[in-house]
Amino acid sequence: MKKSVNIRRSLLASLALSPLPKAWAAATATAPDAAPMLMKVGPGQSVKSLAEASQRARDGAVIEVDAGDYPADVAVWPQNNLTLKAVGGRVRMLAMGVAAQRKGIFVTTGEAMRIEGFDFIGARVPDRNGAGIRLERGSLTLRNCSFKDNENGVLTSNDKAVRLDIEDCEFGAIVRHDGQNHNLYVGAIAALRVTGSYFHHGQLGHLLKSRAAVNHILYNRLTDEIGGESSYELEFPNGGQAVVIGNLIQQSSGTQNPHIISFGAEGLTWPKQELHVINNTLVDRRPSGGVFLRVSPGPVKVRIFNNLLVGNPRFATDPIWELGANFTADLDEFVLAARENFALRPNSPLRGKAIDPGAALGSSLRPTRQYQHPRSSVALTDLARHPGAIQFP
């Protein structure tokens, strides 16, 4: 039975994998100060709650949180270079009808904040935009965290200096069923990077929606699955620069929108517009047939290489797009598609047909990792030679 932490009402009332790009690394690096402040939080510690920890912590602190349930324990984090780390198991943040600043379980505004090993569950607020985490300012790295039964998993502001890095996280079902909320909703920020993460069971909204200027969506699984009713699986409504490599992206039979990936549907507002879709496995389970990719007309550089297109033999393209080594594939080309194992069979004629996709945004577009379920990625031990997201079973 998990431990539970009782939060004093007085505290609640006071709250009203691949390397980062150089600029990003500089923005999120910890300052070379003295030894960081270490704080321990838990039922058996002197600091009992995250709410109390957020009041006491200073810049550069490392906060180790004992595993267990923390009901109604919400907090605002303004500190810079702060690390929250679960110790001894998962830390489960249960909203229980309470929200920091009427926004979410955590609200973060500091630079270079890092959260590891936390589960955020049940965020709801009066304006129906409650989030497990609201990223308002600064930069945030999430590692091995999960989001379930929230109105939004993570919701960011439109601050153009904000950066968000997500690694090995899970974004499960949300609770609002009117299409206005999303498993991950990123505003018009500077940069988003998502790797090794699992998005599933959308409810009329999108699995991943990002308005960021620069997006790296690498080695993830975005699968709506049985009972899912997402709209887009992956959307960049204002375009920007997007690199989409090594993802398994699957539209469910209950989808509310025929499009799987959408780019620029709400206007191409960023000065640089380019989309690179490389080594993905795109699965269409819509009975009447879906659309793998929609790109709004405009000055967009589109490059599509080494993708496997499953379930729909039609792939609408534009003559100005750069295309190469994209193949349609039946379900029987894979080891066990019924169990979401989309590795090509050893005797598949599609094996070995990937080509060099070139480079973009200063880096090679060849995959160096692949998604590993339930939420991680593993390094490839050889050159990526096959089309699709999965190079080995």
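Report on the accompanying structure. (Residues numbered from 1 in each chain as written. Predicted model: local features only at pLDDT ≥ 70, side-chain atom pairs only at ≥ 80, totals over all residues. Heavy atoms only, no water.)

1. Remarks on the overall build of the chain
So, point 1. Assigned secondary structure in the chain consists of three helices and 36 strands.
So, point 2. In terms of C-alpha radius of gyration, the chain reaches 21 Å, essentially the compact-globule figure of 21 Å for 393 residues.
So, point 3. Taken over the C-alpha atoms alone, the chain extends approximately 65 × 45 × 40 Å along its principal axes.
So, point 4. A total of 393 residues make up the chain; the buried ones form 59% of that total.
So, point 5. For the chain, the distance from the average site of its 43 positive side-chain charges to the average site of its 36 negative ones is 3 Å. (Helix = DSSP H or I, 4+ residues; strand = E, 2+ residues; numbered from the N terminus. Rg over C-alpha atoms; globule rule 2.2 N^0.38 Å. Buried < 20%, exposed > 50% of the residue type's maximum accessible area, 1.4 Å probe, protein only. Lys, Arg positive; Asp, Glu negative; His and termini not counted. Charge placed at Lys NZ, Arg CZ, Asp CG, Glu CD.)

2. Some details on the pattern of salt bridges
So, point 1. This structure, assessed with the given rule, holds 19 salt bridges.
So, point 2. A salt bridge links R134 to E136; the shortest N-O distance between them is 3.6 Å.
So, point 3. Several salt bridges converge on common partners, so that one network encompasses K209, R211, E235 and E266. (Salt bridge = Lys/Arg side-chain N within 4 Å of Asp/Glu carboxyl O.)

3. Focus on the side chain of N152
So, point 1. In this fold, N152 is placed in strand β11 (residues 152-156).
So, point 2. Judged by its relative accessible area of 0%, N152 is buried.
So, point 3. Contact partners of N152, with chain neighbours within four places excluded, come to N129, G130, A131, G132, I174, N181, H182, N183 and Y185. (Contact = heavy atoms within 4.5 Å.)

4. Here's the deal with the nonpolar core
So, point 1. In terms of nonpolar packing, the biggest core is built from 72 residues, with F106, I115 and F118 touching the most fellow members.
So, point 2. Setting aside its immediate chain neighbours within four residues, I115 contacts L84, F106, F120, I133, L140, T141, L142, R143 and C145.
So, point 3. The next biggest cluster of nonpolar side chains, apart from the first, holds 10 residues, and it includes L248, V283, L308 and A329. (Core = buried A, V, L, I, M, F, W, Y, C linked by side-chain atoms within 4.5 Å.)

5. With respect to the packing of aromatic side chains
So, point 1. Summed over all chains, the structure comprises 10 aromatic pairs.
So, point 2. Ring centres of F334 and F342 lie 5.1 Å apart, and the angle between their planes is 70°; this geometry places the pair in the edge-to-face category. Residue F334 shares its accessibility class with F342, and that shared class is buried.
So, point 3. In this structure an aromatic cluster arises from ring pairing among W77, F106, F118, F120, F147, F171 and F199. (Phe/Tyr/Trp six-rings, centres within 6.5 Å; stacked < 30°, edge-to-face > 60°.)

6. A closer look at the sheet that holds strand β20 (residues 234-236)
So, point 1. Spatially, nine strands are ordered β3-β5-β8-β11-β14-β17-β20-β23-β26 in an open sheet, and the strand pairing comes out parallel. The sheet is open, and its two borders are formed by β3 (75-77) and β26 (291-295), each paired with just one other strand. Strand-to-strand twist in this sheet, taken as the mean axis angle between neighbours without regard to direction, amounts to 10°.
So, point 2. Alignment of β3 against strand β5 (residues 104-108), held across three bridges, turns out to be parallel. Each bridged residue has a counterpart across the sheet, and for A75 the counterpart in β5 is F106. (Pairing = 2+ DSSP bridges. Axes fitted to C-alpha atoms, helices over the stretch in contact; angles between N-to-C directions.)

7. Some points on the side chain of T108
So, point 1. For T108, the position within the fold is in strand β5.
So, point 2. Overall, T108 belongs to the buried group, its relative accessible area being 1%.
So, point 3. Beyond its immediate stretch of four places on either side in the chain, T108 contacts W77, M113, I133, R134, L135, E136, R137 and L140.

8. Here we look at the environment of L380
So, point 1. In this structure, L380 sits in the segment after β36 (376-379).
So, point 2. Along the chain, L380 and F327 lie 53 residues apart, while their C-alpha atoms are 22 Å from each other.
So, point 3. Leaving out residues up to four positions away in the same chain, L380 has contacts with P367, T368, R369, Q370, Q391 and F392.

9. Quick notes on the environment of G110
So, point 1. For G110, the location among the structural elements is in the loop between β5 and β6 (113-116).
So, point 2. Judged by its relative accessible area of 1%, G110 is buried.
So, point 3. Sequence separation of G110 and A72 is 38 residues, and the distance between their C-alpha atoms is 22 Å.
So, point 4. Those residues in contact with G110 that sit more than four places away from it in its chain are W77, P78, Q79, N80, R137, G138 and S139.

10. Topic: unusual backbone geometry
So, point 1. A cis amide bond links H373 to the next residue, P374, at an omega of 10°.
So, point 2. Among the secondary structure elements, P374 is positioned in the loop between β35 (369-372) and β36.
So, point 3. A positive phi angle, near 55°, is found at M96, a position not held by glycine.
So, point 4. Examined against the element boundaries, M96 turns out to sit in the loop between β4 (83-94) and β5.
So, point 5. Under the relative-accessibility criterion, M96 is labelled exposed at 59%.

11. A closer look at the pairing of strand β21 (residues 241-245)
So, point 1. Where burial is concerned, most of β21 is hidden: five out of the five residues are buried.
So, point 2. What you see with β21 is no split at all: Q241, V243 and I245 on one side and A242 and V244 on the other are buried throughout.
So, point 3. Pairing geometry for strand β18 (residues 214-218) and β21, over five bridges, is parallel. Residue pairing in the sheet places L218 in a bridge with I245 of β21.
So, point 4. For β21 and strand β24 (residues 274-278), the ladder comprises five bridges, and the chain directions are parallel. By the bridge assignment for β24, V243 is matched with H276.

12. Comments concerning the pairing of β6
Each regular strand displays side chains that alternate between the two surfaces of the sheet.
So, point 1. Bridging between β4 and β6 involves three bridges; their strand directions are parallel. Following the sheet pairing, L84 is matched in β6 by I115.
So, point 2. Pairing geometry for β6 and strand β9 (residues 139-143), over four bridges, is parallel. Bridging from a neighbouring strand, R114 pairs with T141 of β9.

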